[in-house]
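Report on the structure
So you can see what is in the structure, the chains are spelled out below.
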Amino acid sequence: MLIPHPLLGPRDAAEFIYLGDASLIDRPDWQSDTAAEAFHDYLYLRDNPAGEHRELWFHEQGDRSWLVVTRNTLTHEITSAELARDVAKERGRSV
Amino acid sequence: MSINRLTGGLIDHNAPVKFSFDGNTYEGRGGDTLASALLANGVRLMGRSFKYHRPRGVVTAGSEEPNALVQLRTGGRQEPNTRATTIELFNGLTAKSQNRLVSLKFDALGINDIFHNFLAAGFYYKTFMWPRAFWEKLYEPVIRNAAGLGNLSLEDDPDCYDKGFLHCDLLIVGAGPAGLAAALTAGRAGARVILAEEDFLLGGRFLAETGGLTDMSAADWLAVTQAELAAMDNVRIMPRTTVVGAYDHGIYGALERVADHVPIPESGRPRQIFWRIYAKQAVVCAGGIERPISFENNDRPGVMLAGAVRAYVNRWAVTPAQSVVVFTNNDDGHRTARDLIAKGVSVPAVIDVRVDACASAGDIEGTEVLAGAQIVDTKGRLGIKSVTIRLANGQTRVVPCCAVAVSGGWNPNLGLTCHQRGRPVWNDTIHAFVPGADLPVGQLVAGAANGVMSTHGALKSGAESAVQALANIGIDAHPAEIPRAEDAPLSITPFWHVKGAKRAWVDFQNDVTVKDIRLAHQEGFRSVEHLKRYTTLGMATDQGKTANLTGLAVMAELTGKTIPETGATIFRPPYTPVAMGALAGRAVGREFHPTRLTPSHKWAKEQGAEFVEVGNWLRAQYFPRSGETNWRQSVDREVLATRRSVGVCDVTTLGKIDVQGAHAATFLNKIYANGFGKLPVGKVRYGVMLREDGVAYDDGTAARLAEDHFVVTTTTANAVLVYRNMEFARQCLWPDLDVQLVSTTEAWAQYAVAGPNSRKVLQKIVDATFDISNDAFPFMACGEITVCGGLRARLFRISFSGELAYEIAVPTQYGDALMRRLIEEGAEYDITPYGTEALGVMRIEKGHAAGAELNGTTTASNLGLGRMVSKKKDCIGNTLSEREGMALDGAMALVGLKPTNGDIVLAGAHLMNLEGPVDAAHDQGYVTSAAYSPVVKSSIGLSLLKDGSNRMGETLRAISPLDGSDVLVQVVSAHFVDPDGGRLRD
């Protein structure tokens with residue numbers, strides 16, 4: 001596969017490490033009353049869609065960016081690749 | 001003399017080539033394949049079939065060959081299952097037939113053929129069911145021995161293989177008429193083109209046919225075209241290169257046989273290269289594959305595909321025999337008859353199943369066309385002697401002949417078009433599957449591969465596909481002008497097998513007959529995927545290239561469905577077999593993974609160190625001295641010398657991560673379970689990292705060199721993982737933090753200097769401006785210093801051994817010099833280099849957890865580090881580390897073990913109560929690490945024990961059924977040496 005790195009252009013998937021669902025960005029609030037349940041769901045429950053999937057890839061043999069790649073699990077078509085840092089900020093992650 | 005050699009062709013009649021097959025020496029010609037040279041010498045029998053051991057000869061002239069598989073070369077270069085049809089002949093070539101006992105002509109296992117009734121499809125599922133235990137010990141080994149292909153030599157392959165990477169605008173697969181027209185079109189447009197051709201000559205069917213072009217000879221057009229392409233810098237022509245797979249996003253795998261056509265590769269050249277081709281667009285011009293017709297005893301040597309016979313006659317100037325009959329359902333078979341007759345070969349009859357054959361194909365001078373006739377049987381055990389024909393009027397006639405050229409029509413070569421799970425569609429004009437609409441991204445198909453069966457059509461579609469492909473990536477191109485060419489419509493009447501035949505072969509390679517397909521149908525294995533697995537139709541090295549469609553047609557007949565309703569099996573890469581060596585490339589033996597050497601490696605080698613692989617690293621394991629006959633003597637000496645005076649060990653392999661930024665401390669607070677916010681500058685702290693599920697996964701230290709600068713160390717094994725996780729936390733979880741990370745593992749050489757005299761040694765090399773006395777530089781201090789007169793260095797007062805100890809780091813390029821200097825300056829204290837074994841012994845003596853304890857199942861509290869996990873802050877893993885079940889009463893705890901009778905305690909042994917059953921249900925824990933301690937003067941161990949902290953003094957059994965050991969051990973503190981830690985602080 002080729003991953004269209006937003007900074008570096010198309011790069012071979014072999015340069016990357018795959019992590020999984022981009023929902024791993026949405027780490028729960030440790031101080032909430034339901035933190036334990038929320039962390040359980042965050043860590044163990046994933047959708048397994050046949051179709052579009054947003055997922056995390058790490059450019060380990062490259063610039064060490066974490067990317068959010070939108071890939072169709074049926075066709076491997078990649079419709080977007082964004083810096084995970086930008087995605088995380090958009091989703092309101094902060095200290 | 002070569003009895004079947006004709007004149008003309010594309011071989012060099014003046015270049016004799018000597019070779020041997022099954023021990024006999026023969027002579028071929030330059031340009032021959034092994035198959036053509038054997039045929040020229042009258043050798044029709046080339047192998048034995050897989051199951052019945054029936055005598056077999058060559059069927060095709062290409063890589064689709066099911067029968068003529070031979071063992072090529074000898075010794076380390078021996079290669080099983082190579083197709084005689086694709087082996088280029090070279091002087092001294094040696095080949096042997098396969099799958100036969102005694103000799104090819106007398107195969108003792110030919111008896112299988114007599115018992116064929118017991119060996120039908122799925123026989124092993126039925127016949128060898130009982131007794132059950134016999135399967136593994138008797139039946140399977142016997143069957144495997146009897147049924148099989150070639151053998152491995154079991155010697156190392158002396159040749160090297162390589163991998164390569166190529167990029168292009170347009171990849172053209174196949175250099176037949178369509179591929180060449182595409183290459184001309186794209187080459188002239190200035191596009192970067194790769195033209196890959198499986199054969200060693202370009203031209204495809206042009207090489208095998210006499211006609212094709214109407215105004216000029218195909219040979220002339222080929223010569224002009226090749227010359228033009230060769231002159232283009234933007235076109236890379238790759239003969240002997242098979243594109244074997246179409247992968248995601250326009251990536252293709254291709255195998256180039258660089259030196260398979262010479263006895264030994266030139267020095268420094270690989271035998272084969274596996275290319276990964278990144279193509280923006282691709283045009284598949286892979287041509288077609290002819291399909292046979294099944295009839296009684298149609299597998300005898302001499303029965304060949306009609307198109308292959310033409311290839312042998314026209315290209316290689318060889319006829320399979322002096323008398324050849326043709327059996328066909330389309331006009332193509334008639335071409336074969338004409339070409340044979342033109343070369344003076346006798347064609348006793350053309351047997352055409354079509355009743356209107358003469359109307360369609362016309363008469364042929366010199367032979368008789370038997371319209372509406374069929375071959376119903378053949379004779380000749382080791383080679384065809386005659387065929388029995390049923391004429392249109394129902395009479396039978398026996399016609400003597402030595403070969404049969406069979407044509408059942410042509411199938412587009414679909415492989416690459418279906419590798420992304422594309423489903424082919426049925427075409428009623430050519431009665432074959434053609435590529436569907438769901439092609440791999442960026443792929444087009446032209447020529448016969450797309451069902452375009454005329455020469456004109458192939459040329460035209462090749463040129464037009466190239467224009468289309470380039471337009472897709474914004475390159476303007478115009479179709480190359482094409483020569484006037486044959487454009488006859490195809491005339492074919494589908495005909496798959498002669499009815500009533502007892503054993504009519506469909507798949508030669510797997511010995512699958514029409515009868516086997518009937519059996520599969522009868523037993524309910526009717527879907528194509530079931531049919532394939534029940535009968536093995538379409539498996540093995542040829543993947544049923546010549547067999548699959550006939551198999552489907554027979555099944556369709558049986559079920560009353562159409563062929564497209566019956567469906568095709570999935571095509572998967574590789575298109576043709578690829579040697580494992582080519583996939584491995586140079587990554588074999590020592591080069592299987594990179595080897596990382598520590599800065600002191602050269603020095604350690606000079607000292608005669610034994611090395612051990614730790615991940616990719618090579619680390620000194622111990623340093624034997626003269627007189628030491630056993631590794632334990634060396635290790636014990638290194639441990640005692642370090643604890644008595646001073647030792648030095650290369651710890652460069654530990655991961656080092658530089659953490660900088662205003663929020664560096666905040667960040668580390670989130671990474672480590674314990675707190676780092678309040679760590680003062682100039683101090684080091686031990687830290688443990690959790691996974692988000694609360695399990696401990698790594699430990700190490702973080703040294704604060706400045707308010708905004710930390711150096712984190714990780715274990716050697718987890719260096720990459722910890723860095724990756726820290727980047728995840730930084731980029732994905734807390735993107736607002738001002739913090740930057742960089743791995744500096746290879747930037748710093750680092751040595752542990754341990755033992756009561758370690759400070760005295762270091763004081764000799766640390767520059768005088770830096771005070772490293774106990775008061776100025778206490779336990780867990782760190783600082784940036786200079787050594788040896790101005791060399792920048794980092795000093796950490798940390799200890800893994802339990803002794804007064806330091807770790808000192810200098811830029812990697814000074815690592816070797818620093819080690820030599822330490823040894824020199826430490827000589828007066830008898831400084832002793834120690835390796836990973838002594839390091840391990842000392843950490844076990846001290847009771848430090850390491851990889852064996854941080855084994856992916858243990859929590860911080862299991863390891864006795866529970867109090868370190870802060871409950872006052874958010875960090876990775878702390879929420880789930882508190883869930884129920886993670887801190888149960890009686891949970892595993894890290895304890896020490898000491899055998900009560902001087903026995904040896906083994907890592908991996910399980911702990912059992914003295915009284916009570918010894919089984920998994922009563923398991924008390926297990927030994928994680930064990931070593932002989934020269935300090936305790938006994939074997940000692942660390943273990944995870946249920947409720948361990950409350951069981952001090954208890955005696956247990958340590959049982960290792962694997963080693964047959966069962967010893968009594970006493971539970972003791974894990975800290976065998978200096979439990980109060982006084983030495984660290986001296």
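**Details of the overall build of chain A**
Helix and strand counts for chain A stand at two helices and six strands. Starting at the N terminus and walking to the C terminus, you meet the elements of chain A as β-β-β-α-β-β-β-α. Taking the principal axes of the C-alpha coordinates as reference, chain A spans close to 45 × 30 × 20 Å. By residue count, 23% of the 95 residues in chain A fall in the buried class. Taking all contacts inside chain A whose residues are at least 6 apart in sequence as the whole, residues at least 24 apart take part in 50%.

**Brief notes about the overall build of chain B**
On a plain count of helices and strands, chain B comes out with 25 helices and 48 strands. Referenced to the eigenvectors of the C-alpha coordinate spread, the extents of chain B come out at roughly 110 × 70 × 55 Å. A total of 986 residues make up chain B; the buried ones form 53% of that total.

**Some remarks on the nonpolar core**
Counting residues in hydrophobic clusters, the biggest one holds 170 residues, and the most contacted among them are B:Leu170, B:Leu171, B:Ile172, B:Ala182, B:Val283 and B:Val324. The element contributing the most residues to this core is strand 13 (residues 272-284) of chain B, with eight residues. Discounting residues that sit within four places of it in the chain, B:Ala182 has contacts with B:Ile172, B:Val283, B:Cys285, B:Ala446, B:Gly462, B:Ala463, B:Ser465 and B:Ala466. Core analysis: the next-biggest nonpolar cluster, separate from the first, contains 126 residues, A:Ile3, B:Ala604, B:Leu668 and B:Ala805 among them.

**With respect to the interface of chain B and chain A**
In this complex, chain B contributes 19 residues to the contact, which on the side of chain A involves 22 residues. Per-element accounting of the side of chain B that touches chain A gives the leading share, six residues, to helix 20 (residues 719-733) of chain B.

**What to know about the confidence of the model for chain B**
Scored by pLDDT, chain B has a mean of 94; 97% of the residues are at 70 or more. At the level of chain-chain contacts, confidence expressed as ipTM amounts to 0.99, with global pTM at 0.92.

**Considering helix 13 (residues 528-535) of chain B**
Taken together, the buried positions of helix 13 of chain B are B:Val528, B:Leu531, B:Lys532, B:Tyr534 and B:Thr535. Where helix 13 of chain B is buried, its residues touch strand 28 (512-513), helix 12 (514-522), helix 14 (548-559) and helix 15 (563-566) of chain B.

**Comments concerning the sheet that holds strand 5 (residues 66-72) of chain A**
Spatially, four strands are ordered 3-4-5-6 (chain A) in an open sheet, and the strand pairing comes out antiparallel. Strands at the two margins of the open sheet, each flanked by one partner only, are strand 3 (17-21) and strand 6 (78-83) of chain A. Looking at each pair of strands side by side, their axes are set apart by 30° on average, direction ignored. Strands strand 3, strand 4 (52-58) and strand 5 of chain A of the sheet are contacted by helix 20 of chain B, whose axis makes an angle of about 85° with strand 5 of chain A.

**Remarks on the packing of helix 5 (residues 177-188) of chain B against helix 6 (residues 218-230) of chain B**
Residue and element names in this part refer to chain B. Contact pair helix 5 / helix 6: the axes reach a minimum separation of 10 Å and the direction vectors enclose 40°. Of the two elements, helix 5 crosses helix 6, and the hand of that crossing is left-handed. Here Leu 180, Ala 183, Leu 184 and Gly 187 of helix 5 come into contact with helix 6, specifically with Thr 225, Glu 228 and Leu 229. Here the residues of the contact of helix 5 with helix 6 are counted per class, giving four nonpolar, two polar and one charged.

**Remarks on helix 11 (residues 455-472) of chain B**
Residue and element names in this part refer to chain B. Across its 18 residues, helix 11 extends 26 Å between first and last C-alpha, which sits within 8% of the 26 Å expected from 1.5 Å per residue. Residues Thr 455, Gly 457, Ala 458, Leu 459, Lys 460, Ser 461, Gly 462, Ala 463, Ser 465, Ala 466, Ala 469 and Leu 470 constitute the buried set of helix 11. Summarising the contacts, the buried residues of helix 11 are in contact with strand 8 (161-173), helix 5, strand 13 and strand 26 (443-445). One or two residues past the end of helix 11 sits Gly 474, with phi positive at roughly 75°.

**Quick notes on unusual backbone geometry**
Here the amide bond leading from B:Pro573 into B:Pro574 is cis, since omega sits at 0°, within 30 degrees of zero. Summarising the element assignment, B:Pro574 is placed in the loop between helix 15 and helix 16 (580-584). A positive phi angle is found at A:His76, which is not glycine, with a value near 65°. Residue placement: A:His76 occurs in the loop between strand 5 and strand 6. In the Ramachandran plot, B:Thr536 falls in the positive-phi region, its phi being about 70° despite a non-glycine side chain. With respect to the helices and strands, the residue B:Thr536 is situated in the loop between helix 13 and helix 14.

**Some words on the pairing of strand 2 (residues 9-12) of chain A**
Residue and element names in this part refer to chain A. Across four bridges, the pairing between strand 1 (residues 2-5) and strand 2 is antiparallel. Across the sheet, residue Ile 3 finds its bridge partner in strand 2, namely Arg 11. Connecting strand 1 to the next strand, strand 2, in antiparallel fashion are three residues.

**Here's the deal with the packing of helix 18 (residues 631-644) of chain B against helix 23 (residues 836-846) of chain B**
Residues and elements named next belong to chain B. Across the interface, helix 18 lies against helix 23 with an axial gap of 9 Å and an inter-helix angle of 60°. One element, helix 18, and the other, helix 23, form an angle in the oblique class. You can see that helix 18 and helix 23 cross each other, and the crossing is right-handed. Contact with helix 18, carried on its side by Val 635, Glu 638, Val 639 and Thr 642, involves Glu 837, Ala 838, Val 841 and Met 842 of helix 23 and no other residues of that element.

**Here we look at the sheet that holds strand 41 (residues 805-811) of chain B**
Residue and element names in this part refer to chain B. Strand order in the open sheet formed by six strands is 39-40-41-38-32-42, with mixed pairing between adjacent strands. Each end of this open sheet is capped by a strand with a single partner; those strands are strand 39 (782-787) and strand 42 (832-833). Judged from the four bridges that link them, strand 32 (residues 647-650) and strand 38 (residues 748-754) form a sheet pairing that is antiparallel. By the bridge assignment for strand 38, Asp 650 is matched with Tyr 751.

**Some points on the environment of B:Val514**
All names here are of chain B. Note on placement: Val 514 falls in helix 12. For Val 514, a count of 27 C-beta atoms within 10 Å translates into the label buried. Distance in space between the C-alpha atoms of Val 514 and Lys 502 is 8.0 Å, their sequence separation being twelve residues. Setting aside its immediate chain neighbours within four residues, Val 514 contacts Ser 294, His 497, Ala 501, Ala 504, Val 506 and Val 554.

**Quick look at the environment of B:Tyr575**
Residue position: B:Tyr575 is located in the loop between helix 15 and helix 16. Those residues in contact with B:Tyr575 that sit more than four places away from it in its chain are B:Thr242, B:Val244, B:Gly245, B:Gly415 and B:Leu416.

**Describing the pairing of strand 10 (residues 235-238) of chain B**
Residue and element names in this part refer to chain B. Here strand 9 (residues 193-196) runs beside strand 10; their pairing, made up of four bridges, is parallel. Looking across to strand 10, one finds that Ile 194 is bridged to Arg 236. As a crossover connection, the stretch from strand 9 through helix 6 into strand 10 is right-handed.

**As for the environment of B:His593**
Residue and element names in this part refer to chain B. Relative to the helices and strands, His 593 is located in the loop between helix 16 and strand 29 (596-597). Among the residues examined, His 593 registers 10 C-beta atoms within 10 Å and is labelled exposed. Between the C-alpha atom of His 593 and that of Asn 616, which follows or precedes it by 23 residues, the distance is 6.9 Å.

Definitions and limits used
Residues numbered from 1 in each chain as written. Chains lettered and ligands numbered in written order. Predicted model: local features only at pLDDT ≥ 70, side-chain atom pairs only at ≥ 80, totals over all residues. Helix = DSSP H or I, 4+ residues; strand = E, 2+ residues; numbered from the N terminus. Buried ≥ 20, exposed ≤ 12 C-beta atoms within 10 Å, placed from the backbone. Contact = placed C-beta atoms within 7 Å. Core = buried A, V, L, I, M, F, W, Y, C linked by C-beta atoms within 7 Å. pLDDT = per-residue confidence, 0-100. Pairing = 2+ DSSP bridges. Axes fitted to C-alpha atoms, helices over the stretch in contact; angles between N-to-C directions. Left-handed = near helix turned anticlockwise from the far one by under 90°. Nonpolar A, V, L, I, M, F, W, Y, C, P; charged D, E, K, R; others polar. Expected span 1.5 Å × (residues − 1). Parallel < 35°, antiparallel > 145°, perpendicular 65-115°, else oblique. Right-handed = clockwise from strand over helix to strand, strands pointing away.

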